[in-house]
Structures are given as structure tokens and as C-alpha cells.
Amino acid sequence: MTDRAPGIRIVPVTPANRALVTALRLAPEQMDFVASNADSLREARSDRDARPRAVMAGDQLVGFLMYEAPRDDDEARIYRFMVDRAWQGRGYGKAALRAVLKEIRGLGHVRHVSICYEPENEAARRLYRAAGFVEEGLDEDGEMIADLVLAPGDR
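Note that the structure is a prediction, hence the values are computed from the model and not measured.

**Section: the sheet that holds strand S6 (residues 134-138)**
Spatially, S1-S2-S3-S4-S5-S7-S6 is the arrangement adopted by the seven strands of the open sheet, whose pairing is mixed. Edge positions in the open sheet fall to strand S1 (8-12) and S6, since each of these has one partner strand only. With direction set aside, neighbouring strand axes in the sheet form an average angle of 30°. Pairing between strand S2 (residues 50-57) and strand S3 (residues 60-68): eight bridges, direction antiparallel. Note that in S3 the partner of Ala-57 across the bridge is Gln-60. Helix H3 (residues 92-107) contacts S1, S2, S3, strand S4 (75-83), strand S5 (112-117) and strand S7 (144-149) of the sheet and is inclined by roughly 155° relative to S4.

**Remarks on the pattern of salt bridges**
As enumerated under the stated definition, the model contains ten salt bridges in all. Close ionic contact of Arg-77 with Asp-73 constitutes a salt bridge, the shortest N to O distance being 2.5 Å. Residue classification places Asp-73 among the partly exposed positions, given a relative accessible area of 22%. Close ionic contact of Glu-75 with Arg-77 constitutes a salt bridge, the shortest N to O distance being 3.4 Å. You can call Glu-75 buried: its relative accessible area is 17%. Ionic contacts of the salt-bridge type, sharing partners, join the residues Glu-68, Asp-73, Glu-75 and Arg-77 into one network.

Calculation notes
- Residues numbered from 1 in each chain as written.
- Predicted model: local features only at pLDDT ≥ 70, side-chain atom pairs only at ≥ 80, totals over all residues.
- Heavy atoms only, no water.
- Pairing = 2+ DSSP bridges.
- Helix = DSSP H or I, 4+ residues; strand = E, 2+ residues; numbered from the N terminus.
- Axes fitted to C-alpha atoms, helices over the stretch in contact; angles between N-to-C directions.
- Contact = heavy atoms within 4.5 Å.
- Salt bridge = Lys/Arg side-chain N within 4 Å of Asp/Glu carboxyl O.
- Buried < 20%, exposed > 50% of the residue type's maximum accessible area, 1.4 Å probe, protein only.

If you want it as C-alpha cells, here you go:
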């Protein structure tokens, strides 16, 4: 998986960047693919396992993602992932996915990573497939579940 967006990093969402994260927007045709960032951050307040992250390209905020990786579980779940409409198509999604997978690997206890997405979201399907995720089928909400097994040397 290569990217055209060097310098991407993920950082925790803080009071200082929270308003900027909630101001990120998807293209109108993508709005049904992911919950709003404001909803996600509200959810994170009551979920101690949630790890909200801002996606940065240099000093510019370009996206948002959220995952959980409970210490008592060998699975991490990426359940929010978006790049602002103004920054799409530049490789930031690939670079952000690479960065979050590196962070998850660094936790040491995760053996596999799952992600869910709307089956109609072809851009997400291509991105996750290129990273090695394998589709497992639809969940009870009709979302596609894909899984990435981390090799022992990756943990």
C-alpha cells in the first residue's frame, strides 16, 4: 500500500482541535456512509475504549477516525473513518489508515483489526482491500465487515 501523502500523522482529539474536527465535511453523496464527527465525539465521551484521532497533514487537519482496542480483547475495531471532502483523492486516506494500523500494532495485544462500512461505499472497499482487509460479510445492520489479521511480527 503506497501513498502520495507523506507526513500524515494521527493525533488525539483534544479540546483545542475538537471544533475543527466537528467542522470537517463529507461530500453530499457520502453523508450516509458515516456518522457525523460531532456524534462520534459525543459517543467517545461515554465509551472509555474509544480512541478518537484527528488526521493531520502537516499543520492541516484533513480527517477524523475513531477506533477501540480494549486491553482484554485481541481485536481492534476501526468504526469511524473520514477524510474531509476538500482533501479527498490525495492519498490522505491511505496514509491515515497506515498510521492508525501502526498505532494499533504498537499496542502489542491486537491480533486482528476489523472495520465496517456501507457496502455501497466503493472507495472504502478499495482502500481497505488494498490494505489487506478481507470482507467477511454483512453485520446485523447491513454493513460490510472486513478483517485484517496482523502477522506475529507486526504485533
